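Spelled out, the chains give:
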Amino acid sequence: TAAQSKELLKQAEANLAAGKLDVGAQQLNTLLERNPTVPEVYVGLARVAIFTNQLADARTHATAAVKVGPQQPLGWTLLGLVHESEGDVKGALPNLEKGAQLGQNVFLCQFNYGRVLSSEGQAQAAVPYLLKATELEPKNPDGFIALGLALRQLKQFEKALKALEQGKDANPKNPDGWATLADVLFEVREFKAARDVLDRGLQAV
């Protein structure tokens, strides 16, 4: 029944979030056999394939997701990530942009478009998407770190340091937060503060 399928999809998504990829993928494949018209199933399978670096499968599933559910934002974002993983950033950006437009309230959509824009030297355009990502998931350090790096690119060091502080506080066990914060402090010649951050980071991680 539809209710059983919804419950199984929920379980599969929970398993993927918990890192139980094999169990999640098995449940998604069961759902696919029952009903091949649910975009969320293809999205889940694409996420598993990207995570396990099976790019051909990821492309197949992400393409199916956007065909079956063109209004499903994650399908477009995942298709963009496949392009990026294959080294085709120019091909990635239109898909990531589409995902960000459709997924105004989806962290992965806002974060990945902002992150890739920033990595392509388009920090000014990236900042609004990365700001939105930090609002959507204030406990996720990745959004703050990417925002800090974009602001650093724009030479807005004060704002960059603030974002990186928030990234470090969001997850003190994540070495990237400490290291990136120290890098920017070093860049603005705050050597003592940089050393202090690295010392505290070594204790925390």
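Residues numbered from 1 in each chain as written. Predicted model: local features only at pLDDT ≥ 70, side-chain atom pairs only at ≥ 80, totals over all residues. Heavy atoms only, no water.

Participant: Would you explain the overall build of the chain in this entry?
Facilitator: Broken down by element type, the chain carries 12 helices and zero strands. C-alpha atoms of the chain, sized along the principal axes, occupy 60 × 35 × 25 Å. Here the chain holds 205 residues, and 45% of them are scored as buried. Residue pairs at least 24 apart in sequence account for 46% of intrachain contacts in the chain once pairs closer than 6 positions are excluded. About 11000 Å² of surface is accessible on the chain, with carbon and sulfur atoms providing 53% of the total. Separation between the mean location of the 22 positive side-chain charges and that of the 23 negative ones in the chain comes to 3 Å. (Helix = DSSP H or I, 4+ residues; strand = E, 2+ residues; numbered from the N terminus. Buried < 20%, exposed > 50% of the residue type's maximum accessible area, 1.4 Å probe, protein only. Contact = heavy atoms within 4.5 Å. Areas by Shrake-Rupley, 256 points an atom, 1.4 Å probe, with all protein chains shown as cover. Lys, Arg positive; Asp, Glu negative; His and termini not counted. Charge placed at Lys NZ, Arg CZ, Asp CG, Glu CD.)

Participant: In this structure, what is going on with the packing of aromatic side chains? I would like to understand it.
Facilitator: To describe a pair of aromatic rings, you give the distance between the ring centres and the angle between the ring planes. Applying the stated rule across the entire model yields three aromatic pairs. Positioned above the aromatic ring of W76 is the side chain of K98, whose terminal nitrogen or guanidinium carbon lies 5.5 Å from the ring centre. (Phe/Tyr/Trp six-rings, centres within 6.5 Å; stacked < 30°, edge-to-face > 60°. Lys NZ or Arg CZ within 6 Å of the ring centre and 35° of its normal.)

Participant: Which parts of the structure should I look at to understand the nonpolar core?
Facilitator: Note on soluble globular proteins: their nonpolar side chains tend to be buried together. Formed by 33 residues in total, the largest nonpolar core has its most connected members in L78, L96, F111, Y113, L130, L147 and L151. Listing elements by their share of this core, those giving two or more residues are α3 (39–51), α4 (55–68), α5 (73–85), α6 (89–102), α7 (107–119), α8 (123–136), α9 (141–153) and α10 (157–170). When residues of this core are assigned to their parent elements, the largest contribution, six residues, is made by α7. Setting aside residues no more than four positions away along its own chain, F111 makes contact with L130, A133, D142, G143 and A146. (Core = buried A, V, L, I, M, F, W, Y, C linked by side-chain atoms within 4.5 Å.)

Participant: I'm lost on the environment of V68 in this one. Help?
Facilitator: With respect to the helices and strands, V68 occurs in helix α4. Separated by 79 residues in sequence, V68 and L147 place their C-alpha atoms 33 Å apart.

Participant: I tried to follow the pattern of salt bridges on my own but got confused; where do I start?
Facilitator: Two side chains carrying opposite charge are able to pair once their charged atoms lie near each other. Applying the stated rule across the entire model yields seven salt bridges. Two residues, E84 and R115, come together in a salt bridge whose shortest N-O distance is 2.8 Å. Of this pair, E84 sits in helix α5 while R115 is found in helix α7, placing the two residues 31 residues apart along the sequence. The class of E84 is partly exposed, set by a relative accessible area of 23%. The partner of E165 in a salt bridge is K168, and the shortest N-O contact between them spans 3.0 Å. Taken together, the residues E165 and K168, both in helix α10 and three residues apart, mark about one turn of the helix. (Salt bridge = Lys/Arg side-chain N within 4 Å of Asp/Glu carboxyl O.)

Participant: Would you explain the packing of α5 against α7 in this entry?
Facilitator: The relative placement of two packed helices comes down to the angle between their axes together with the axis-to-axis distance. Closest axis-to-axis distance for the α5/α7 pair is 9 Å, and the angle between their directions is 30°. By the angle class used here, α5 and α7 are roughly parallel. Helix-helix and strand crossings are classified by hand; for α5 and α7 the assignment is left-handed. Along the contact surface, α5 presents P73, L74, T77, L81 and E84, while α7 presents L108, C109, N112, R115 and V116. Tallied by class, the residues present in the contact of α5 with α7 amount to six nonpolar, two polar and two charged. (Axes fitted to C-alpha atoms, helices over the stretch in contact; angles between N-to-C directions. Parallel < 35°, antiparallel > 145°, perpendicular 65-115°, else oblique. Left-handed = near helix turned anticlockwise from the far one by under 90°. Nonpolar A, V, L, I, M, F, W, Y, C, P; charged D, E, K, R; others polar.)

Participant: Just to check I follow, could you spell out α8 for this structure?
Facilitator: Structural remark: α-helix, 3.6 residues per turn; residues separated by three or four positions point the same way. Relative to the 20 Å expected for 14 residues at 1.5 Å per residue, α8 spans 20 Å between its end C-alpha atoms, a close match to the ideal helical length. By the burial criterion, the buried members of α8 are A123, A126, V127, L130, A133 and T134. In the core, the buried residues of α8 are packed alongside α7 and α9. (Expected span 1.5 Å × (residues − 1).)

Participant: Looking at this structure, how should I read helix α1 (residues 2–17)?
Facilitator: In this model, α1 (16 residues) spans 23 Å end to end at C-alpha, consistent with the 22 Å of a helix rising 1.5 Å per residue. Restricting attention to buried positions, one finds in α1 the residues L8, L9, A12, N15 and L16. Here the buried residues of α1 occupy an arc of 125° about the axis, which is enough to place them on one side. Of the exposed residues in α1, the ones pointing more than 90 degrees away from its buried face are A3, K6, K10 and A17. Buried residues in α1 make contact with α2 (21–34) and α3. One or two positions beyond α1, positive phi appears at G19, with a value near 85°. (Arc of directions from axis to C-beta.)

All quantities given are derived from atomic positions and should not be read as evidence of function.
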